[in-house]
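# Observations on chain architecture
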Amino acid sequence: MIEIEDLSFAYRTGEEDAIPALRGVNLRIGPGQFVAVIGHNGSGKSTLVKLLVAVLYPTEGRIRVDGIPVRPGNEWEVRERISVVFQDPDDQLVMNRVADDVAFGPENLGLPREKIAERVHSSLEALGLEEMGERLIEDLSPGQKQRVAIAGALAMRPRFLVLDEPTTLLPAPVAARLISTVRDLNRSGGMGVLHITHSMSEAALFDRVVVMDEGKLVLDGTPAEIFREVDRLRSIGLDVPPAVSLVHRLRARGVPLEGDILDGADLRRALAALAESPAYRRCSG
Amino acid sequence: MEAGTSPVIELKNFRYTYLEGTPRAVEAIRDVSLEIHRGERVAIVGATQSGKSTLVDALVYLLRLGSGQVFYEGEDVTAPGYDRGKLRREIGVVFQSPDAQIVENIVGADVAFGPTAAGIPAEETRKRVEESLNAVGLSYPEYRLRYVHALSGGQRRRVAIAGVLAMRTPVLVLDEPTAGLDPRGRRELLDLLLNLRKERELTLVVCSAGLEEASLLCDRFVVLDAGKVVMDGPAREILRRSNRLAELDISLPETVNVASELKKIFPDFPTSLLTEEELEAEILKHLGAG
């Protein structure tokens, strides 16, 4: 469980030009939850990530991870429980060979050699990289590098995986495969996932969406609940997935589409149902 | 392509191998020839490692060619004695990372850098800086004295674009112009580029891993795979081949993805739709006809 209470953070605290980045955030993320965080550039998402893994410490308020308070002196205990993957894999890949990089974290935990080998093997396998352990990282594509970075995070066997815009530099089909792999890890291992993204369509794939604006948590709910707030989201520089926007238009034109529609497949089902319904036949007949 | 006009940029039999002659040699481009005509809006599209960045670098001659030639307005730019400075004054490039091309600390100074280096008189440069900053939506009085490093990523990208606009190049090359921007930043930048496209007689080259932006900004797609051109034609014709594009790991506009779903229930539903308005109209048509 991640528990965030009344969390505030300002860069350059105490100075005249202090910049508030988070203002009174309250958030609880249960074990195994699959959560997306959205917000415009500068809304405080990345600051939240840095506070979660004790790169920064709160100006006010508290964070606890599985009961352990995030504060100076506890950083390693916290980082055993939460692993982070950043936007640019080149920022966090430190070794030349894929397998060595994945082993880097567990080696630093001081685990015995056999345990490290086992973790490297299972993490590479989970990301579909089992054939690539001997490859040089510099020869990999950006999508493959991002998988190596996630394998490295996974080798720490964290309770929570935090992904800070890991798909920004990837083409959509590659990003979609990555999210689907992370979903499998979440389902099979019970690992919680906190995924930060600018893609509304990606956020719609999660169980819960948290929306940030100007350092505050402004919306929190299922994708269907969140993406109902079309105008609100647009007013804070965000958007809804294109299928949702389209449904919004169609409903405004009087097309009675039923249910929560988040993507093209949902829309296809809703239109198929509509075409079958007696009411629709009456209208068009 | 307009018949009878000579191309503004022409690439002939271009091949390129990184680390040539070493065991780790990688063949990036295998024999590509390409003509870009004045006023065309071309997207060079391909997944990562398809060769698109190498191709764009070659088009603007930022790369010593392995084999092949680049012509600008019919002149071989690789020939000894060709005035490269002219090429830089004619082709403006906006790189993916604005930090790769912002050279000054102050916004106004950075935008003035190109014109000043090109020997444009101070008064004319000042005018161009004002005009360019306003064009990218950074008001001149408000932003000219700001520190570049205190701006957001989206704002820095605008500064980079303003710097290129101040050169008034007839050809504009943009590498992944919206990568990393949030939805509002992306929408604003697209509006800005669409406006420029309308107001100026620009030849536009957009390099991208996906077709979302490209489909709004460009009318011709050149699709690369493994260092070869595998498709080249009008945007809408290429978008019809959505299955092939998906195989190449090229992201499709979300409107095309939605339309492809709807084709499963409306067999004659067109998939090469570019805007929500077009999709909406097509759905209403199909419902009405049902």
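The structure displayed is predicted, hence computed values, not measured ones. Residue numbers restart at each chain and count upward from 1, following the sequence in its written direction. The naming scheme follows written order: chains are lettered A onward, ligands numbered 1 onward. In view of the model being predicted, local features appear only for residues whose pLDDT reaches at least 70, and side-chain atom pairs are presented and counted only at 80 or more, with totals across whole chains, interfaces and linings using the full set of residues.

## Quick word on the overall build of chain A
For the purposes of this entry, the term helix denotes a DSSP run of H or I that reaches at least four residues, the term strand denotes a run of E that reaches at least two, and both are numbered from the N terminus. Scanning chain A from terminus to terminus reveals 12 helices and 10 strands. Along the first, second and third principal axes, the C-alpha set of chain A runs to 75 × 55 × 30 Å. Residues are defined as contacting one another if the C-beta atoms placed from their backbone atoms lie within 7 Å. Considering only intrachain contacts with a sequence separation of at least 6, the fraction spanning at least 24 residues in chain A is 63%.

## Considering the overall build of chain B
Scanning chain B for helices and strands turns up 12 helices and 10 strands. Here the globule rule reads 2.2 Å times residues to the power 0.38, and the radius of gyration is calculated from C-alpha atoms. Taken over C-alpha atoms, the radius of gyration comes to 20 Å for chain B, in line with the 19 Å a tight globule of 290 residues would show. The dimensions of chain B, computed from C-alpha atoms along their principal axes, are 65 × 50 × 40 Å. With C-beta atoms placed from the backbone, a residue counts as buried when 20 or more other C-beta atoms lie within 10 Å of its own, as exposed when 12 or fewer do, and as partly exposed for counts between those limits. Looking at chain B as a whole, 43% of its 290 residues are labelled buried.

## Section: the pairing of strand E3 (residues 34-38) of chain A
Residue and element names in this part refer to chain A. Most of E3 sits out of view: 4 of its 5 residues are buried. At least two bridges found by DSSP between two strands are what make those strands a pair. Where E3 lies against strand E8 (residues 192-196), 4 bridges are found, and the strand directions are parallel. Of the residues in E8, the one forming a bridge with Val35 is Leu194. Where E3 lies against strand E9 (residues 208-213), 4 bridges are found, and the strand directions are parallel. Each residue of the ladder has a partner; that of Val37, found in E9, is Val210.

## Quick notes on helix H7 (residues 183-199) of chain B
Take the residue count of a helix, subtract one, and multiply by 1.5 Å to get its expected span. Over its 17 residues, H7(B) runs 24 Å from end to end, which matches the ideal 24 Å to within 8%, given 1.5 Å per residue. When we look at burial in H7(B), the residues that qualify are Pro183(B), Gly185(B), Leu189(B) and Leu193(B). In a view along the axis of H7(B), the buried residues occupy a sector of 160°, so they form one face of it. The exposed set on the far side of H7(B), more than 90 degrees from its buried face, consists of Asp191(B), Leu194(B), Lys198(B) and Glu199(B). In this fold, the buried residues of H7(B) make contact with helix H7 (200-203) of chain A together with helix H6 (153-165) and helix H8 (212-217) of chain B. The arc in question is traced by the directions running from the helix axis to the C-beta atoms.

## Regarding the nonpolar core
Where a protein is soluble and globular, its nonpolar side chains tend to be buried together. By size, the foremost hydrophobic cluster in this structure holds 166 residues, and its most contacted members are Ile44(B), Val45(B) and Val205(B). Mapping this core onto the domain boundaries places at least three of its residues in each of domain 1 (2-223) and domain 2 (241-285) of chain A. Setting aside residues no more than four positions away along its own chain, Val205(B) makes contact with Ile36(B), Val42(B), Ile44(B), Val56(B), Leu59(B) and Val173(B). Note on terminology: a nonpolar core is a set of buried residues of type Ala, Val, Leu, Ile, Met, Phe, Trp, Tyr or Cys, with members joined through C-beta atoms within 7 Å. Bear in mind that the domain bounds are from an automatic or database domain assignment.

## Quick word on unusual backbone geometry
Only a minority of non-glycine residues have a phi that is not negative, and only a minority of peptide bonds are not trans. Residue and element names in this part refer to chain B. If you check the backbone angles, Leu19 has positive phi at about 55° while not being a glycine. Among the secondary structure elements, Leu19 is positioned in the loop between strand E1 (9-18) and strand E2 (26-36). Notably, Tyr61 is not glycine yet its phi reads approximately 55°, a positive angle. Along the chain, Tyr61 turns up in the loop between helix H1 (52-59) and strand E4 (67-72).

## Some thoughts on the interface of chain B and chain A
Where interface size is quoted, it is often the accessible area lost as the parts come together. With 34 residues of chain B in contact, the opposing surface of chain A contributes 34 residues. Top contributing element to the side of chain B that touches chain A by residue count: helix H12 (residues 276-289) of chain B, with 7 residues. Polar here means any residue outside two lists: the nonpolar Ala, Val, Leu, Ile, Met, Phe, Trp, Tyr, Cys and Pro, and the charged Asp, Glu, Lys and Arg; Gly therefore counts as polar. When grouped by side-chain class, the residues that make up the side of chain B that touches chain A number 13 nonpolar, 13 polar and 8 charged.

## A few points about the sheet that holds strand E5 (residues 68-69) of chain A
One key point about sheets: their strands pair by backbone hydrogen bonds, in either a parallel or an antiparallel sense. Residue and element names in this part refer to chain A. Ordered by their spatial adjacency, 4 strands build an open sheet running E2-E1-E4-E5, and the pairing between neighbours is antiparallel. Two strands bound the open sheet, and with one partner strand each, they are strand E2 (19-29) and E5. Axes, fitted as lines to C-alpha atoms, cover a helix only where it is in contact. Angles between the N-to-C directions of the axes lie from 0 to 180 degrees. Across the face of the sheet, helix H1 (residues 45-52) comes into contact with strand E1 (2-11), E2 and strand E4 (60-65) while running at roughly 115° to E1.

## Observations regarding the pairing of strand E3 (residues 41-45) of chain B
In summary, the side chains of a regular strand alternate between the two faces of the sheet. Residue and element names in this part refer to chain B. Of all 5 residues making up E3, 4 are buried, and the element is well covered by its neighbours. Here 4 bridges tie E3 to strand E9 (residues 220-225), and the two strands are oriented parallel to one another. Bridge pairing in E9 links Ile44 to Val222.

## Quick word on the domain arrangement of chain A
Domain parsing of chain A yields domain 1 (2-223) and domain 2 (241-285). Measuring from the centre of the C-alpha atoms in domain 1 of chain A to the corresponding centre in domain 2 of chain A gives 37 Å.

## Brief notes about the environment of Pro20(A)
Residue and element names in this part refer to chain A. Along the chain, Pro20 turns up in strand E2. Under the C-beta neighbour-count criterion, Pro20 is labelled partly exposed, with 15 such atoms within 10 Å. Once you skip the residues sitting within four places of it in the chain, Pro20 turns out to touch Ala10 and Gly215.

## Quick word on the sheet that holds E4(B)
All names here are of chain B. A sheet is described by the order of its strands in space; here 4 strands give the open sequence E2-E1-E4-E5, paired in antiparallel fashion. At either margin of the open sheet sits one strand with a lone partner, and together these are E2 and strand E5 (75-76). Bridging between E1 and E2 involves 7 bridges; their strand directions are antiparallel. Across the sheet, Tyr16 pairs through a bridge with Ile29, a residue of E2. Across the sheet, H1 lies against E1, E2 and E4, angled at about 130° from E1, the strand it touches most.

## Brief notes about helix H4 (residues 122-135) of chain B
Residue and element names in this part refer to chain B. With 14 residues, H4 extends 20 Å between its outermost C-alpha atoms, agreeing within 8% with the 20 Å of an ideal straight helix rising 1.5 Å per residue. Where H4 is concerned, the buried positions are Arg128, Val129, Ser132 and Leu133. For H4, the angular spread of the buried residues around the axis is 125°, confining them to a single face. Exposed side chains of H4 directed beyond 90 degrees from the buried face belong to Glu123 and Glu124.

## Some remarks on the packing of helix H3 (residues 107-117) of chain B against H6(B)
Residues and elements named next belong to chain B. In contact at an axis separation of 7 Å, H3 and H6 are set at 35° when each is read in the N-to-C sense. Taken as a pair, H3 and H6 cross one another with a handedness that is right-handed. Facing H3, whose interface residues are Val107, Asp110, Val111, Phe113 and Gly114, H6 presents Val159, Ala162 and Gly163. In terms of residue class, the contact of H3 with H6 is built from 5 nonpolar, 2 polar and 1 charged. Crossings are classed by handedness, with left-handed meaning an anticlockwise turn of the near helix from the far one by less than a right angle and right-handed meaning a clockwise turn.

## Quick notes on the packing of helix H11 (residues 264-276) of chain A against helix H11 (residues 254-263) of chain B
Angle between the axes and distance between the axes are the two parameters that describe a pair of packed helices. As a packed pair, H11(A) and H11(B) sit with axes 8 Å apart at the nearest point and diverge in direction by 35°. The way H11(A) lies across H11(B) gives a crossing that is right-handed. Two secondary-structure elements touch here, H11(A) through Gly264(A), Ala265(A), Leu267(A), Arg268(A) and Leu271(A) and H11(B) through Asn257(B), Val258(B), Glu261(B) and Leu262(B). Of the residues belonging to the contact of H11(A) with H11(B), the class tally is 5 nonpolar, 2 polar and 2 charged.

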